[in-house]
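Here are the chains, one letter per residue:
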Amino acid sequence: MPAARATYGEGVQKVPADAPVEDVIALLKRDGGVFIKGLVSEADVDQAYDDCRERMDNDKVWEGKFFPKETQRAPGLLGLSPTYARTQVMNPVYRAVCDHFLTTRTWNWWGDEFKESVSKPYVHSCTAMRIGPGGKAQPLHRDDYIGHNILAEVDSWDDERDVNRETAIGMFVAGSTVTKANGGTQFIPGSHLWGSHRKTPPDVNLCEYADMEKGDAFIMLASCFHGGGTNSTTDEYRMIFSTFVTRGYLRQEENQFLAVPQEVAGKLDRDIQEYMGYSLSDPACGTVEQVDPIYVLYPDQGAVAKYQDF
Ligand SMILES: O=C(O)CCC(=O)C(=O)O
Ligand SMILES: [Fe+2]
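Now for a look at the structure at hand. Please read all numbers here as calculations on a predicted model, not as lab measurements. Think of each chain on its own: its residues are numbered from 1, step by step along the sequence as written. All chains are assigned letters beginning at A, and all ligands numbers beginning at 1, according to the order in which they are written. Since the coordinates come from a predicted model, pLDDT governs what is reported: local features require at least 70, and pairs of side-chain atoms require 80 or more to be given and counted, while whole-chain, interface and lining totals use all residues. Processing note: side-chain calculations cover all non-hydrogen atoms of the structure and skip hydrogens and water entirely.

### Observations concerning the packing of helix α2 (residues 21–31) against helix α6 (residues 92–102)
Move 1: Every axis corresponds to a line fitted to the C-alpha atoms, with the helix fit spanning only the stretch in contact, and the corresponding angles, defined between N-to-C directions, vary from 0 to 180 degrees. Secondary structure is summarised from DSSP: a helix means a run of H or I of at least four residues, a strand means a run of E of at least two, and numbering begins at the N terminus for each. Where α2 contacts α6, the axes come no closer than 10 Å and their chain directions differ by 55 degrees. Between α2 and α6, the angle falls in the class oblique. When you trace α2 past α6, the crossing you get is right-handed. On α6, the residues that touch Val21, Val24, Ile25, Leu28 and Lys29 of α2 are Val93, Ala96, Val97, His100 and Phe101. We call two directions roughly parallel when the angle between them is under 35 degrees, roughly antiparallel when it is over 145, roughly perpendicular when it lies between 65 and 115, and oblique otherwise. Two helices crossing with the near one rotated counterclockwise from the far one by less than a right angle form a left-handed crossing, whereas a clockwise rotation gives a right-handed crossing. Residue contacts are defined here by distance: any two heavy atoms, one from each residue, within 4.5 Å place the two residues in contact.

### Some details on the site of ligand 1
Move 1: In the neighbourhood of ligand 1, the contacting residues comprise Phe66, Phe67, Met129, Gln138, His141, Asp143, Thr185, His226, Gly228, Arg238 and Ile240.
Move 2: Here Thr185 contributes a side-chain N or O atom positioned 2.6 Å from an oxygen atom of ligand 1.
Move 3: As used in this structure description, the phrase polar contact means that two N or O atoms lie within 3.5 Å; if the pair is within protein, one of them must be able to donate a hydrogen and the other to accept it, and residues adjacent in sequence are counted only when both atoms belong to side chains. A distance of 2.6 Å separates an oxygen atom of ligand 1 from a polar side-chain atom of Arg238.
Move 4: Surface burial for ligand 1 is 94%, taken as the share of its 300 Å² of free accessible area covered by protein chains.
Move 5: The nonpolar class holds Ala, Val, Leu, Ile, Met, Phe, Trp, Tyr, Cys and Pro. Asp, Glu, Lys and Arg form the charged class, and all remaining residues, Gly among them, are polar. Here the shell around ligand 1 is composed, by residue class, of four nonpolar, five polar and two charged. Distances are taken per atom, and a residue is near a molecule or strand as soon as one of its heavy atoms is within 4 Å of it. Each accessible area is a Shrake-Rupley result for a 1.4 Å probe, and residues are judged covered by the shown protein chains and nothing else.

### Thoughts on the coordination of the iron ion (ligand 2)
Move 1: Note on donors: an N, O or S atom is included if it sits within 2.8 Å of the metal, or within 3.2 Å for Na, K and Ca, and water is never included, so sites can look incomplete. Donor atoms from the polypeptide that bind the iron ion (ligand 2) are His141 (NE2), Asp143 (OD), Asp143 (OD) and His226 (NE2), placed at 2.1 to 2.5 Å.
Move 2: Around the iron ion (ligand 2), the six donor atoms are arranged such that angles at the metal cover 51 to 168 degrees; this shape is classified as irregular. Square planar and octahedral sites, with four and six donors, are those where opposite donors lie more than 155 degrees apart and all other angles lie between 65 and 115, tetrahedral sites have four donors with every angle between 85 and 135 degrees, and the rest are irregular.

### A word on the packing of aromatic side chains
Move 1: In summary, the pairing rule links any two rings of Phe, Tyr or Trp, Trp by its six-membered ring, whose centres are within 6.5 Å, and it sorts them by plane angle into stacked for under 30 degrees, edge-to-face for over 60 and tilted for everything else. With the rule as written, the count across this model stands at 13 aromatic pairs.
Move 2: Among the aromatic residues, those joined into a cluster by ring pairs are Phe35, Phe172, Phe187, Phe218 and Phe244.
Move 3: Directly above the ring of Trp194 sits Arg198, whose terminal nitrogen or CZ lies 4.1 Å from the centroid.
Move 4: In this scheme, the term charge over a ring applies when either NZ of a lysine or CZ of an arginine sits within 6 Å of the ring centre and within 35 degrees of the ring normal. Sitting above the plane of the Tyr298 ring, Arg270 keeps its charged end 4.8 Å from the centroid.

### Brief notes about the pairing of strand β10 (residues 217–221)
Move 1: Whether a residue is buried, partly exposed or exposed follows from its accessible area with a 1.4 Å probe, protein chains only, as a fraction of its type maximum: under 20%, in between, or over 50%, in that order. Of all the five residues making up β10, five are buried; the element is thus mostly covered by neighbouring parts of the structure.
Move 2: Across the two faces of β10 the burial is the same, with Ala217, Ile219 and Leu221 and Phe218 and Met220 all buried.
Move 3: Bridging between strand β2 (residues 33–37) and β10 involves four bridges; their strand directions are antiparallel. Bridge pairing in β10 places Val34 opposite Ile219.
Move 4: In this description, strands pair whenever DSSP reports at least two bridges between them. Of the strand pairs in this sheet, strand β7 (residues 168–174) and β10 are connected by five bridges, and their pairing is antiparallel. Opposite Phe172, over in β10, you have Phe218 as the bridge partner.

### Quick notes on the packing of helix α3 (residues 42–57) against helix α5 (residues 82–89)
To characterise two packed helices, one gives the angle between the axes of the helices and the distance between these axes.
Move 1: Packing of α3 against α5 brings their axes to within 8 Å, and their N-to-C directions diverge by 140 degrees. Relative to α5, α3 is oriented oblique. Helix-helix and strand crossings are classified by hand; for α3 and α5 the assignment is left-handed. On α5, the residues touching Asp44, Gln47, Ala48 and Asp51 of α3 are Pro82, Thr83, Tyr84, Thr87 and Gln88.
Move 2: Split into classes, the residues belonging to the contact of α3 with α5 amount to three nonpolar, four polar and two charged.

### Points about the nonpolar core
Move 1: Buried residues of nine kinds, namely Ala, Val, Leu, Ile, Met, Phe, Trp, Tyr and Cys, make up a nonpolar core once their side-chain atoms join them within 4.5 Å. Ranked by internal contacts, the top residues of the largest apolar core, which has 52 residues, are Leu78, Val97, Phe101, Ile169, Ile219 and Phe241.
Move 2: At six residues, α6 tops the list of elements feeding residues into this core.
Move 3: Apart from the residues lying within four places of it in its own chain, the contact partners of Phe101 are Ile25, Leu28, Lys29, Trp157, Val163, Glu166, Ile169, Leu221 and Arg247.
Move 4: Counting 17 residues, the second-largest nonpolar core is a separate cluster that includes Phe218, Met220, Cys224 and Phe244.

### Re the sheet that holds strand β1 (residues 14–16)
Move 1: Pairing is mixed in the open sheet, where seven strands are placed in the order β1-β2-β10-β7-β12-β6-β3. This sheet does not close on itself; its edge strands, each paired only once, are β1 and β3 (71–74). For this sheet the average axis-to-axis angle between neighbouring strands, irrespective of direction, equals 25 degrees.
Move 2: Sheet topology note: the β7/strand β12 (residues 238–246) ladder contains seven bridges and is antiparallel. The residue bridging Ala174 from the neighbouring strand is Ile240, located in β12.

Laid out in structure tokens, this is it:
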């Protein structure tokens, strides 16, 4: 292990925002989750909260068991908060982590050429979640069940074997103080290494709890068992921004093309547009009129777009 990483003790770590991204990646491979202190400024978190507050205040009650009735959500955040988009979804540390785990490379014969295709990750879902007093814990789950991920039981991470193991990476940014008492995310360290076909359900006694100040982040492999915790307070609201990114050829959890009105998407910065799905997944996923879908947002440029091999 490189020297910098040797300084980390056992257990889930809290690293500063300027920690080397290689350390964040290594800790995720070891533990399945890592906290990053002060990744987003309080001012940017407050702005993002202001941007989605009305949607959240008016959320409908969830009827099933996945969320308690006390939890209110604001989905479609890319359409609500440019500040959230820039400071969280496009956060350089989170992007580097997602690029590392979720870039897919394959080699294929194409006539007499042996060609490499590189599919880059893109946005999966963007939701704010506020657990009100009395809200009960979610069932422990893996968010990669959305992508039908089937996992073998392994002892530890192996870069070569596990290059395609993960289908998604999540980041929860605290929009309020987050504690075990007010519903901090509960998660089982190391459970990203578990197989899909274990005979027993995940044991809540193995959980650790997110404990964060506003602006801290918890980055988690989607294969890690977790869930929102119980809010046992009488007067605290636990607020987080939840962002997931997935592989470029998998279906998005939240359909960004329909969740964010096109005229709103058209006003976002181009790198955000591309990351939300207005881009090709190499070699050929996501085309419109057989060219890159970005031209839907830039019709003038589309008129001169050329058909090209993939
Ligand atoms: O609220 C949380 O802490 C986690 C939420 C979650 O895991 C989910 O909605 O899938
Ligand atoms: Fe989840």
